[in-house]
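Structural characterization, general
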Amino acid sequence: MIPAAVLFDAGNTLVFLDYGRLAAAVGSRMGLPLTESGLRQHAAEAARAMEQGRLTDRERGAAFLLTLFERAGVPADRTEELKAALLELHQRAHLWGATEPGTGDALARLKRAGVRLAVVSNSDGRAATALAAGGLLDEFEFVIDSGEVGVEKPDPRIFQIALDRLGVSAAEALYVGDLYEVDVVGARAAGLDVVLLDPAGAHAGRDVRTVRSVTELVDGLLAARAA
Ligand SMILES: [Mg+2]
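Quick caveat, the model's predicted, so the values are computed rather than measured.

Here the focus is helix 5 (residues 79-92). For helix 5, which comprises 14 residues, the first-to-last C-alpha distance of 20 Å matches the rise-based estimate of 20 Å (1.5 Å per residue) to within 8%. Buried within helix 5 are the following residues: L82, A85, L86, L89 and H90. Summarising the axial view, the buried residues of helix 5 lie within an arc of 130°, below the 170-degree limit, and thus occupy one face. Across from the buried face of helix 5, at angles greater than 90 degrees, the exposed residues are E80 and Q91.

Shown next, in the form of structure tokens:
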């Protein structure tokens, strides 16, 4: 059965780091040979490192970036310089403004099928800005941002805020995110079915349904509905 509503995580689910821009800007500023592919190939590893420890999502976002650049070749003793470079870039344009090809079209198809769409994000109040930068904001009815509502995943209350606003029960909704400890654990605690976005296949064998992309998820949902 197709869900009445699908709620999405934002970072590393709908919007991604703009690896090309980051590699060029940080590389030239720090005099290091950073490349887009060099950053991209360490993303899954950095995401896993981020799941360890009890961090807030804000700390987790910073840990993700620092781990990513360290693995890609930024020496540990230049971390402060790296932080300053990233902060300056982020202030100029949101670092998380890149999207996967096909995501916007997939969301539009889901919406045309009558499915309600919203975002539940742990962020700093700028999740909507990142979604707008990626051209996806208009596909959603609203964005719940932990920085605005004061409660963050995996706390089930942040999911309930979105369900209440939609007027949809947890049993009728699906959540889609990329972090097991944050997205899967939190959505389940709120009573939602959940799918883990796992582009690299790093979570195969875990007790959760995975998809490689938002497009794969939507294709599956619409095929199940047609059957
Ligand atoms: Mg995420």
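Core analysis: the biggest nonpolar cluster contains 55 residues, and F8, F64 and F69 have the highest contact counts within it. Here this core spans two domains, since at least three of its residues come from each of domain 1 (5-14 + 98-226) and domain 2 (19-92). A118, L163, A187 and V194 belong to the second-largest nonpolar core, a separate cluster that totals 24 residues.

Next up on the list: the packing of helix 1 (residues 19-30) against helix 5. Between helix 1 and helix 5, the shortest axis-to-axis distance is 10 Å and the interhelical angle comes to 130°. Taken together, the axis directions place helix 1 and helix 5 in an arrangement best described as oblique. When you trace helix 1 past helix 5, the crossing you get is right-handed. Facing R21, L22, A25, V26, R29 and M30 of helix 1, the residues of helix 5 in contact are E81, L82, A84, A85, L86, E88, L89 and R92. In terms of residue class, the contact of helix 1 with helix 5 is made up of 9 nonpolar, no polar and 5 charged.

Turning next to the pattern of salt bridges. Applying the stated criterion to the full structure yields 17 salt bridges. The closest approach of N and O atoms between E88 and R29, which form a salt bridge, is 2.5 Å. You can see E88 sitting in helix 5 and its partner R29 sitting in helix 1, a full 59 residues away along the chain. When its relative accessible area of 42% is taken as the criterion, R29 is described as partly exposed. Between E88 and R92 there is a salt bridge, with its nearest N and O atoms 2.7 Å apart. With E88 and R92 both in helix 5, this residue pair falls 4 residues apart, about one helical turn. The class for E88 is partly exposed, based on a relative accessible area of 36%.

Another aspect to go through is the domain arrangement of the protein. Once the domains are mapped, the protein shows domain 1 (5-14 + 98-226) and domain 2 (19-92). Averaged C-alpha coordinates put domain 1 and domain 2 at centres separated by 24 Å. If you look at the interface, domain 1 gives 14 residues, while domain 2 gives 12 residues. When the two sides are added together, the surface that domain 1 and domain 2 hide from each other amounts to roughly 1000 Å², 50% of it contributed by carbon and sulfur. Counting the surface domain 1 buries against domain 2, the share from its top three residues, N12, R126 and L179, is 36%. On the surface where domain 1 and domain 2 come into contact, there are 0 salt bridges. Our count for the contact surface shared by domain 1 and domain 2 stands at 1 residue pair in polar contact (both at pLDDT 80 or more).

Each value, and the rule that gives it
Residues numbered from 1 in each chain as written. Predicted model: local features only at pLDDT ≥ 70, side-chain atom pairs only at ≥ 80, totals over all residues. Heavy atoms only, no water. Helix = DSSP H or I, 4+ residues; strand = E, 2+ residues; numbered from the N terminus. Expected span 1.5 Å × (residues − 1). Buried < 20%, exposed > 50% of the residue type's maximum accessible area, 1.4 Å probe, protein only. Arc of directions from axis to C-beta. Core = buried A, V, L, I, M, F, W, Y, C linked by side-chain atoms within 4.5 Å. Domains from an automatic or database assignment. Axes fitted to C-alpha atoms, helices over the stretch in contact; angles between N-to-C directions. Parallel < 35°, antiparallel > 145°, perpendicular 65-115°, else oblique. Left-handed = near helix turned anticlockwise from the far one by under 90°. Contact = heavy atoms within 4.5 Å. Nonpolar A, V, L, I, M, F, W, Y, C, P; charged D, E, K, R; others polar. Salt bridge = Lys/Arg side-chain N within 4 Å of Asp/Glu carboxyl O. Buried area = accessible area lost by both parts, 1.4 Å probe. Polar contact = N/O pair within 3.5 Å; in protein donor to acceptor, adjacent residues only side chain to side chain.

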